[in-house]
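So you can see what is in the structure, the chains are spelled out below.
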Amino acid sequence: MTKEQERARARRRHEEQQKSAKPPVGDSTRDKQVFGVILAVILIIAAVIVVPKIVGSSDSATPAAGSTTPAGTATATPTSSGGLAEGQKLAAGCTAPPANQTTPKQQKDVPDKATAAGKTFIATVKTTCGDLTFELDGAKAPQTVASFINLAKTGFWAPSPCHRVTTEGIYVLQCGDPTGTGQGGPGYTFGIENAPKDGKYAPGVLAMARTQDPNSNGGQFFITYKETQLPTDGGGYTIFGKVTKGLDIVEKIAANKALPPSPTDGTPVSPISILSVSVTEKKA
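Residues numbered from 1 in each chain as written. Predicted model: local features only at pLDDT ≥ 70, side-chain atom pairs only at ≥ 80, totals over all residues. Heavy atoms only, no water.

**With respect to empty space enclosed by the protein**
Turning to step 1, where the next piece is worked out: Scanning the model with the defined rule gives three cavities of 30 Å³ or more in all.
Turning to step 2, where the next piece is worked out: Approximately 40 Å³ is the volume attributed to the second largest cavity.
Turning to step 3, where the next piece is worked out: Of the residues assigned to the lining of the second largest cavity, the class counts are six nonpolar, four polar and no charged. (1 Å grid on protein atoms, 1.4 Å probe; cavity = no way out; pocket = protein on both sides within 12 Å on 5 of 7 lines; lining within 4 Å. Points joined across faces, edges and corners; volume = space filled by probe spheres on them. Nonpolar A, V, L, I, M, F, W, Y, C, P; charged D, E, K, R; others polar.)

**Details of the nonpolar core**
Turning to step 1, where the next piece is worked out: Formed by 42 residues in total, the largest nonpolar core has its most connected members in Phe-134, Leu-136, Phe-148, Trp-157, Phe-221, Phe-240 and Val-279.
Turning to step 2, where the next piece is worked out: Here this core gets six residues from one element, more than from any other, and that element is helix H3 (residues 142-153).
Turning to step 3, where the next piece is worked out: If we skip the residues at most four places from it in the chain, Trp-157 touches Gln-101, Phe-148, Leu-151, Ala-152, Gly-176, Gly-219, Phe-221, Ile-274 and Val-277.
Turning to step 4, where the next piece is worked out: Among the nonpolar cores identified, the runner-up in size contains 10 residues, and Val-172, Tyr-201, Val-205 and Ile-239 belong to it. (Core = buried A, V, L, I, M, F, W, Y, C linked by side-chain atoms within 4.5 Å. Buried < 20%, exposed > 50% of the residue type's maximum accessible area, 1.4 Å probe, protein only. Helix = DSSP H or I, 4+ residues; strand = E, 2+ residues; numbered from the N terminus. Contact = heavy atoms within 4.5 Å.)

**Quick word on the state of the cysteines**
Turning to step 1, where the next piece is worked out: Tallied over the full model, the rule gives two disulfides.
Turning to step 2, where the next piece is worked out: The disulfide partner of Cys-94 is Cys-129, and the gap between their sulfur atoms is 2.0 Å. Since a negative S-S torsion denotes a left-handed disulfide, the Cys-94-Cys-129 link at about 115° is right-handed. Remark: Cys-129 occurs in the loop between strand S1 (120-127) and strand S2 (130-137) and Cys-94 occurs in the loop between helix H2 (27-56) and S1; sequence separation between them is 35 residues.
Turning to step 3, where the next piece is worked out: Owing to a relative accessible area of 11%, Cys-94 belongs among the buried residues under this scheme. (Disulfide = S-S within 2.5 Å.)

Listed below in structure tokens is the structure:
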């Protein structure tokens, strides 16, 4: 083989190697790749931060923590200094709510149900939207009514927001947690009384909120403003009275629905807070 042939052969071999080699990465391409990596990292971080907030609103499934009726948990927006939370607006006739409590009064012992057994009581609930009047049935729910009277006398709810409203499927305004988080209680719990076997709750019914544990009744209660069908699993929900005045106030709050992310179940757009509760025995 001549030197000329050897040079030609080497040249062909070099050309073949060049064809199979990957092209070098230019500056612009490299910049795009770096940008893509950075964008991916940002999206991953955003997912880690945002997703738990969205999912967290329904962590406590039906029924929810200490504090709820059977359709999940409110996404509470407690205010530490009073006034309106972001997105809230006052309904007609309402004043701005006071700050939520951070450390509610706690008790160890369940009140003696004998103090309410066989009696009827009238509760006057002063709120930032006007007065509500409840008739409490100590004959059908003596333990619950005894607890309600005790919490009223000790000022447990002074003040406390109604932290949850539901406007689809079930129709309730839920109150009684001084912290506004949906997790607060008085320090004791007790069992179910006078729950309807068919799960039907008429408008104006006053009933206890609880978790899946049938012995988790405490200080939180709800008012139905339309006929509502609730699950009977676990024993249902204690009916201990009815609203005799002020149901129109509850309807007004419910009409403005709840804050995002769900307008059908969450913190009311139009806030309402309990300022004080007084109870007297109804004489025959």
